[in-house]
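# Report on the structure
Residue-level listing of the chains:
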Amino acid sequence: MSKNDKPIVILNYKTYLESSGDKALSLAKDLESAYDETGIPMIASPQAIDITKIKDETSIPVYAQHIDPIKPGGNTGSNLLESFLANGIDGTLLNHSEKRMKLADIESLVTKAKESNLKTCVCSNNVATSEAIATLSPTYVAVEPPELIGTGIPVSKAEPEIITGTVDKVKNINKNVKVLCGAGISTGEDMKAAIELGAEGVLLASGIIKAKNPKEALLDLVSKI
Ligand SMILES: O=C(CO)COP(=O)(O)O
């Protein structure tokens, strides 16, 4: 990571009650004030229904959690890229372990996102899939071993080799693709370890969303980097 690049934090709201409705906005305000106090970029990834409210009432970047590989038309219940763009999203997660996609669909969405100046954070489950995803040149590859997601056991401690292996393989393919990691990350020690292993940020959920004081948890998360 070059010296002027700061590590980033992407908070995946998922569909927790603690990150839905009014709480979606208060979490976004926590992210905004944590950014104001630390200068570390903080990104919200709420459910689609909460995106507009957060864009209207905060200044932090907002990512969709998923976009469907569809064209405008008869796709009841799907998430259309053009609608998200009209509501001002800054980026999107793709291929999260809880919303897996086909490689061809990931490729078509990463291509379309680039044409619309939208950032993409494509999730992977191991080094091999991180390597494959890097060939599509997304903004970020976020490696998250599914078995650690939601456990509070941080990937940076439990499986450090998945981070170092992903960084080596991804940077070999395209130095401009940034590597994030996630799964079980919740404390400043977890994030410090991730950065020391070569990650350029973290993608996390329950450690912040389920914290007694999410803003304090965010400040602790970035307190050691
Ligand atoms: O899936 C994740 C982020 O996308 C990780 O979830 P946890 O932070 O709850 O382990």
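See above for the structure.
Presented here is an overview of the structure given in this document. All values reported here derive from a predicted model rather than from experimental measurement. (Residues numbered from 1 in each chain as written. Predicted model: local features only at pLDDT ≥ 70, side-chain atom pairs only at ≥ 80, totals over all residues. Heavy atoms only, no water.)

Under the definition given, this model contains nine salt bridges. Ionic pairing is found between lysine 171 and glutamate 200, a salt bridge with its closest N-O pair at 3.0 Å. You can see lysine 171 sitting in helix α7 (residues 160–173) and its partner glutamate 200 sitting in the loop between α8 (188–196) and β8 (201–204), a full 29 residues away along the chain. A single burial state applies to lysine 171 and to glutamate 200, both of which are buried. (Salt bridge = Lys/Arg side-chain N within 4 Å of Asp/Glu carboxyl O. Helix = DSSP H or I, 4+ residues; strand = E, 2+ residues; numbered from the N terminus. Buried < 20%, exposed > 50% of the residue type's maximum accessible area, 1.4 Å probe, protein only.)

Now for the site of the ligand. In the vicinity of the ligand, the contacting residues are Asn12, Lys14, His96, Glu144, Ile149, Gly150, Ala183, Gly184, Leu203, Leu204, Ala205 and Ser206. A distance of 3.1 Å separates an oxygen atom of the ligand from a polar side-chain atom of asparagine 12. Backbone polar atom of glycine 184 to an oxygen atom of the ligand: 2.8 Å apart, as the coordinates give it. When the ligand sits alone it has 310 Å² of accessible area, and the protein chains cover 100% of it. When the residues that make up the shell around the ligand are grouped by side-chain class, the tally is five nonpolar, five polar and two charged. (Near = heavy atom within 4 Å. Polar contact = N/O pair within 3.5 Å; in protein donor to acceptor, adjacent residues only side chain to side chain. Areas by Shrake-Rupley, 256 points an atom, 1.4 Å probe, with all protein chains shown as cover. Nonpolar A, V, L, I, M, F, W, Y, C, P; charged D, E, K, R; others polar.)

Let's shift gears to the environment of alanine 28. Topologically, alanine 28 is positioned in helix α1 (residues 22–38). Its relative accessible area of 0% is what places alanine 28 among the buried residues. With 16 residues separating them in the primary sequence, alanine 28 and alanine 44 have C-alpha atoms 6.3 Å apart.

A positive phi angle is found at asparagine 117, which is not glycine, with a value near 60°. As for its placement among the helices and strands, asparagine 117 is situated in the loop between α4 (103–115) and β5 (119–124). The phi dihedral of alanine 183 is positive, around 110°, even though this residue is not glycine.

With five of five residues buried, strand β1 (residues 8–12) is to be regarded as a mostly interior element. Here β1 shows a buried face lined by Ile8, Ile10 and Asn12 and a second buried face lined by Val9 and Leu11. Pairing analysis gives four bridges linking β1 to β8, with the strands arranged parallel. The residue of β8 that forms the bridge with leucine 11 is leucine 204. Bridge count between β1 and strand β2 (residues 42–45): four bridges; the pairing is parallel. Across the sheet, the residue bridging to asparagine 12 is serine 45, located in β2. Traced from β1 through α1 to β2, the parallel crossover comes out right-handed. (Pairing = 2+ DSSP bridges. Right-handed = clockwise from strand over helix to strand, strands pointing away.)

Along an α-helix, residues three or four positions apart point the same way, because every turn accommodates 3.6 residues. What helix α5 (residues 127–134) keeps buried is the set Ser130, Ile133 and Ala134. Buried residues of α5 fall within an arc of 100° about the axis and therefore sit on the same side. In the core, the buried residues of α5 are packed alongside β5, β6 (140–143) and α7. Its side-chain oxygen placed 3.2 Å from the backbone nitrogen of alanine 128, asparagine 126 serves as the N-cap of α5. (Arc of directions from axis to C-beta. Contact = heavy atoms within 4.5 Å.)

This paragraph deals with the environment of serine 20. Topologically, serine 20 is positioned in the loop between β1 and α1. Sequence separation of serine 20 and isoleucine 49 is 29 residues, and the distance between their C-alpha atoms is 9.1 Å. Sequence-distant contacts of serine 20, that is, excluding residues within four places in its chain, are made with Thr15, Gln47 and Asp50.

Spatial relationships are all this shows, so hold off on functional conclusions.
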